Amino acid sequence: MAPAILVTGGAGYVGSHTVMALLERADNEHEIVVIDNLVNAYRADGEKKPEPLKRIEEMTGRKIHFYDVDIRDRDGLNRIFENHSIQCVIHFAALKAVGESVQKPLEYYQANIAGTCTLFEAMRTHGVYKLVYSSSCTVYGEPEKLPLDEGHPTGLGIASPYGRSKYFCEEIMKDLCRSDQKWMVISLRYFNPVGAHRSGRIGEDPAGLPNNLMPFIAQVAVGRLKELMVFGSDYPTVDGTGVRDYIHVQDLADGHVKAIRLFQQPGFSGFHAVNLGTGTGYSVLQMVKAFEKASGRTIPYKIVGRRAGDIATNYADVSLSHRLLGWRATRTLDDMCADTWRWQSANPEGFQKS
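Each value, and the rule that gives it
Residues numbered from 1 in each chain as written. Predicted model: local features only at pLDDT ≥ 70, side-chain atom pairs only at ≥ 80, totals over all residues. Heavy atoms only, no water. Helix = DSSP H or I, 4+ residues; strand = E, 2+ residues; numbered from the N terminus. Expected span 1.5 Å × (residues − 1). Buried < 20%, exposed > 50% of the residue type's maximum accessible area, 1.4 Å probe, protein only. Contact = heavy atoms within 4.5 Å. Salt bridge = Lys/Arg side-chain N within 4 Å of Asp/Glu carboxyl O. 1 Å grid on protein atoms, 1.4 Å probe; cavity = no way out; pocket = protein on both sides within 12 Å on 5 of 7 lines; lining within 4 Å. Points joined across faces, edges and corners; volume = space filled by probe spheres on them. Nonpolar A, V, L, I, M, F, W, Y, C, P; charged D, E, K, R; others polar. Pairing = 2+ DSSP bridges. Right-handed = clockwise from strand over helix to strand, strands pointing away. Axes fitted to C-alpha atoms, helices over the stretch in contact; angles between N-to-C directions.

Novice: Help me out: how do you make sense of helix α9 (residues 284-295) in this one?
Specialist: Each full turn of the α-helix corresponds to 3.6 residues, which orients residues three or four apart in the same direction. With 12 residues, α9 ought to run about 16 Å at 1.5 Å a step, and its terminal C-alpha atoms sit 16 Å apart, in line with that. Listing the buried residues of α9 in full gives Val284, Leu285, Met287, Val288, Ala290, Phe291 and Ser295. Those residues of α9 hidden inside the fold are in contact with α7 (213-221), β8 (228-231), β10 (246-248), β12 (282-283), β13 (301-304) and α11 (333-346).

Quick look at the structure:
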């Protein structure tokens, strides 16, 4: 069997862009195996593969092995490891909406923690110890200092079950690495992914009402939603709205490719946490203005109360990613907005009616 990379949640937003980045690599001879339960991905009736993966195959001319499997399905996972020569795992599969997690904590802990443990058990059973984990800057909680570096305390003051689930998973991975030196884990702590592939053929297509800022703005711009809800205008920021470090999803995907290459370095082992961001923060209203410039559309918005689980400001110290991964974000805020608009204007209803 050919060597393979397993991508969990690979039909979702960041997962699909990472699959694309892996297949675009000229030196990548691995098969790509994707599992996804399609909670956050679209598949047309009668189709075997979700639409994002079909489009990626069309653009790259490469085959993707797809399984409609939940990471909590122990037997399903074992069959996949038996059918393919998995060399490493990139683990995206998770529920990811901060606000929703406050309302549905049990569902988030079950999917994100129990599911991740089941995946790790399957990896160990089949002798696969190389893992790139999709983590989050939410593990830092309320920032004690800015910019946030990897030495900042984690686990304290985390405002949502989503963030705590990511923190707990990181602690589990640290324990795994302490228990067995064969484990190699790179936990990539994302800041705020936005944008879309430069082709405009894959992008963010949330199920239901968007929980993240950029797809909400984009859907307002195409008339799919009436107005943007801005949660809070009394934060101690430049204009009272929340400030975040937004990173282009293609830069984020490239970070995963760089992370995989670390596994080839002699002596590499253990747990390593790395921020992926730009090091620059933008407020909600600054993002609105930037998107209006890119789209030529006015974005109506309404100020409402703060959202549970949100903090005022965060942005990354990205010096470790430069040193360890040889990676840095190269795409600008204008690129993020232009690529989002290219995707949304060409796919006003997302993947479903494109």
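Novice: What is the right way to read helix α1 (residues 13-24) from this model?
Specialist: An ideal rise of 1.5 Å per residue puts 16 Å on 12 residues; α1 measures up with 17 Å between its terminal C-alpha atoms. By the criterion of burial, α1 is predominantly enclosed, with 11 of the 12 residues buried. Considered for burial, the residues of α1 that qualify are Tyr13, Val14, Gly15, Ser16, His17, Thr18, Val19, Met20, Ala21, Leu22 and Leu23.

Novice: Would you mind showing me how to read the pattern of salt bridges here?
Specialist: It is possible for side chains of opposite charge to pair when their charged atoms get near one another. Considering all chains together, one arrives at 22 salt bridges under this definition. Residues Asp68 and Arg43 are paired through a salt bridge, measuring 2.9 Å at the closest nitrogen-oxygen approach. Taken together, the residues span a long stretch of sequence, with Asp68 in the loop between β3 (64-67) and α3 (74-83) and Arg43 in the loop between β2 (31-35) and α2 (51-60) at a distance of 25 residues. By relative accessible area, which is 41% here, Asp68 ends up partly exposed.

Novice: Sorry, what's going on with empty space enclosed by the protein here?
Specialist: Where empty space is left in the structure can be found by rolling a water-sized probe over the atoms. For the structure shown, the criterion picks out one cavity of 30 Å³ or more. As for the largest cavity, its lining consists of Tyr13, Val194, Gly195, Glu204, Met214, Pro215, Thr340, Trp343 and Gln344. Elements represented by at least two residues in the lining of the largest cavity include exactly α7 and α11. A class-by-class count of the residues in the lining of the largest cavity yields five nonpolar, three polar and one charged.

Novice: I'm lost on the pairing of β2 in this one. Help?
Specialist: Residues in a regular strand project their side chains so that they alternate between the two faces of the sheet. The element β2 is extensively covered by neighbouring structure, given that four of its five residues are classed as buried. Note: strand β1 (residues 3-8) against β2, five bridges, orientation parallel. Following the sheet pairing, Leu6 is matched in β2 by Val33. Alignment of β2 against β3, held across four bridges, turns out to be parallel. Bridged to Ile32 within β3 is Ile64. Read as a crossover between parallel neighbours, the route from β2 over α2 to β3 is right-handed.

Novice: Hey, could you run me through the environment of Leu213 in this one?
Specialist: Structurally, Leu213 is set in helix α7. Sequence separation of Leu213 and Val194 is 19 residues, and the distance between their C-alpha atoms is 8.7 Å. If we ignore the near neighbours within four places in the chain, the residues touching Leu213 are Leu228, Tyr246, Val284 and Met287.

Novice: What is the right way to look at the sheet that holds strand β11 (residues 270-276) in this model?
Specialist: Strand order in this open sheet of seven strands is β3-β2-β1-β4-β5-β6-β11, and the pairing throughout is parallel. In this open sheet, the two strands that pair with only one neighbour each are β3 and β11. Averaged over neighbouring strand pairs, the angle between their axes works out to 20° when direction is ignored. Pairing between strand β4 (residues 85-91) and strand β5 (residues 130-136): three bridges, direction parallel. When the sheet's bridge partners are listed, His91 is paired in β5 with Tyr133. Against the sheet, helix α5 (residues 105-125) makes contact with β1, β4 and β5, and its axis sits at roughly 160° relative to β4, the strand it touches most.

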